[in-house]
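Chain by chain, the residues:
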Amino acid sequence: MTTEAADPVDAAAIAPAADAGFLQRWGTEIEYILIPGAALVAALVLFGIFVALFGKNPLDLYWYMYYGAFGTWFSWQNTLTRAAPLILTALCTALPAQLGMVIIGGEGALLIGALAATSAALALQGMPPLVVQIAMVVAGMAGGGLWILLSGALRQYRGVNETISSLLLVYIALAILNHLVEGVMRDPASLNKPSTREIGAANMIGSIPGTDVHWGLVFGLIVAVAAYVLIYHTTFGFAARVAGGNIRAAKIVGLSVGRLILTVCFLAGACAGLAGMVEVAAVQGRTNANLAVGYGFTGILVAFLARQNPLAIIPVAILLGGINASGGLLQRRLGLPDASVLVLQGIIFISVLASDALYGRIGFLKGKS
């Protein structure tokens, strides 16, 4: 009596997840999806418990969050509008992370970029709109880039921790914005809420045809794809990742680590500066305190949840944008404060940081029994 052994190729085709070779090849990629997803679910469960303590039904909470974020076309447009600056500010954290740097100053770069873009628009009043818009993009990216470059320079030449310096620069940027908006750049007609003069309706970048979503979303998508190509498909990106893995080894093989740090910091700040330009040219029409709504800080969470991958930042930014968009509905239907979504974001951030210890420790994803 004989028994035929099953063909291992056929077995793997039938159940690839059970194939040790498959898991060894793709286990890391699966981890990058599974672990952040589990952290997000855990955060939602914890937030549901938090809401239940105040006498609210967690199932109602989850439904209204979904409905306020993705339930209607209006909700989708609101979500995508909020996702646009999150993509760009998340890149401000994700790009330096390739070098092992933790930059959390995207909010400051956004504010400086907004000020620079507004200044360019006001200085070029009367010029063709396309010229003004291009000048705003250049000025916004240059302003934000130089702002984060300052953190990189402090790290490179003075040994100052970039996390601390970039965070402190946020408050300096906010002080500069308040000083200029309430001083030399203030529009005399703005009484209750100081702001600059309007850049002009002709200089606004408008919305994507057929939608209420502004072109800033397209800017964010293009920049995210470009960042992915730069990091993973160019020699510059390879050098940055080598330096991020081991700076001493990078110096031994002759890489200019200092130049990499300064260049990457400038590019990271330019992304956040572009977000500031978009907020001025597509939403506010001027610079005022309304720009400091926390997009830069939420972008940090987006970058960490996406594991610093520029392409993964896109869906994560849409998800976090939806959570932000649902805050108003939670306030109206459940009586929760609009800022309750900030509590959820904090729980998500803690969950993501805690889940970091799981990477490389899940045996079945390494093909181990």
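Here the structure is a predicted model, which is why all the values come from computation and not from measurement.

What counts, and where the lines are drawn
Residues numbered from 1 in each chain as written. Predicted model: local features only at pLDDT ≥ 70, side-chain atom pairs only at ≥ 80, totals over all residues. Heavy atoms only, no water. Core = buried A, V, L, I, M, F, W, Y, C linked by side-chain atoms within 4.5 Å. Buried < 20%, exposed > 50% of the residue type's maximum accessible area, 1.4 Å probe, protein only. Helix = DSSP H or I, 4+ residues; strand = E, 2+ residues; numbered from the N terminus. Domains from an automatic or database assignment. Contact = heavy atoms within 4.5 Å. Phe/Tyr/Trp six-rings, centres within 6.5 Å; stacked < 30°, edge-to-face > 60°. Salt bridge = Lys/Arg side-chain N within 4 Å of Asp/Glu carboxyl O. Expected span 1.5 Å × (residues − 1). Arc of directions from axis to C-beta. Polar contact = N/O pair within 3.5 Å; in protein donor to acceptor, adjacent residues only side chain to side chain.

Side note on the nonpolar core
Thought 1: Counting residues in hydrophobic clusters, the biggest one holds 88 residues, and the most contacted among them are M136 and I348.
Thought 2: When residues in this core are grouped by element, the largest group, 14 residues, is from helix α11 (residues 257-284).
Thought 3: When residues of this core are assigned to domains, at least three map to each of domain 1 (19-56 + 336-369) and domain 2 (79-330).
Thought 4: The contacts of I348, once residues within four sequence positions are left out, are L40, A43, L301, L305 and I323.

Remarks on the packing of aromatic side chains
Thought 1: The final tally for this structure, using the stated rule, is seven aromatic pairs.
Thought 2: Between F47 and F50, the aromatic rings sit 6.0 Å apart at their centres with planes inclined by 20°, giving stacked as the arrangement. Of the two residues, F47 and F50 are both situated in helix α2 (residues 20-52); the distance of three residues between them amounts to about one turn of the helix.
Thought 3: Using a relative accessible area of 1% as the deciding quantity, one classes F47 as buried.
Thought 4: A relative accessible area of 34% means that F50 is categorised as partly exposed.

Focus on unusual backbone geometry
Thought 1: With a phi angle near 60°, R307 is a residue other than glycine that sits in the positive phi range.
Thought 2: Assignment of secondary structure puts R307 in the loop between α12 (295-305) and α13 (310-325).
Thought 3: For R307, a relative accessible area of 30% corresponds to the partly exposed category.
Thought 4: One non-glycine residue, Q308, lies in the positive phi region at around 65°.
Thought 5: Position of Q308 relative to the elements: it lies in the loop between α12 and α13.
Thought 6: Residue classification places Q308 among the buried positions, given a relative accessible area of 15%.

With respect to the pattern of salt bridges
Thought 1: Applying the stated criterion to the full structure yields three salt bridges.
Thought 2: R307 is the partner of D356 in a salt bridge, and the nearest nitrogen-oxygen pair spans 2.5 Å. Within this pair, whereas D356 is found in the segment after α15 (340-355), its partner R307 is found in the loop between α12 and α13, the two being separated by 49 residues in sequence.

A short note on the side chain of S351
Thought 1: Take S351: it is sitting in helix α15.
Thought 2: When near neighbours in sequence (up to four residues on either side) are disregarded, S351 contacts A39 and A43.

Regarding the environment of V280
Thought 1: The topology assignment puts V280 in helix α11.
Thought 2: Between the alpha carbons of V280 and I205 there is a distance of 9.5 Å; along the sequence they are 75 residues apart.

Quick look at helix α7 (residues 162-181)
Thought 1: The terminal C-alpha atoms of α7 lie 28 Å apart, and with 20 residues this matches the ideal 28 Å at 1.5 Å per residue to within 8%.
Thought 2: Within α7, the full set of buried residues consists of E162, S165, S166, L169, V170, A173, L177 and V181. In an axial view of α7, the angular spread of the buried residues amounts to 155°, which keeps them on one side of the axis. Of the exposed residues in α7, those oriented more than 90 degrees away from the buried face are I164, Y171 and H179.
Thought 3: Contacts from the buried residues of α7 go to α5 (106-123), α6 (129-158) and α12.
Thought 4: The opening residue of α7, the one whose side-chain oxygen lies 2.8 Å from the backbone nitrogen of T163, is N161.

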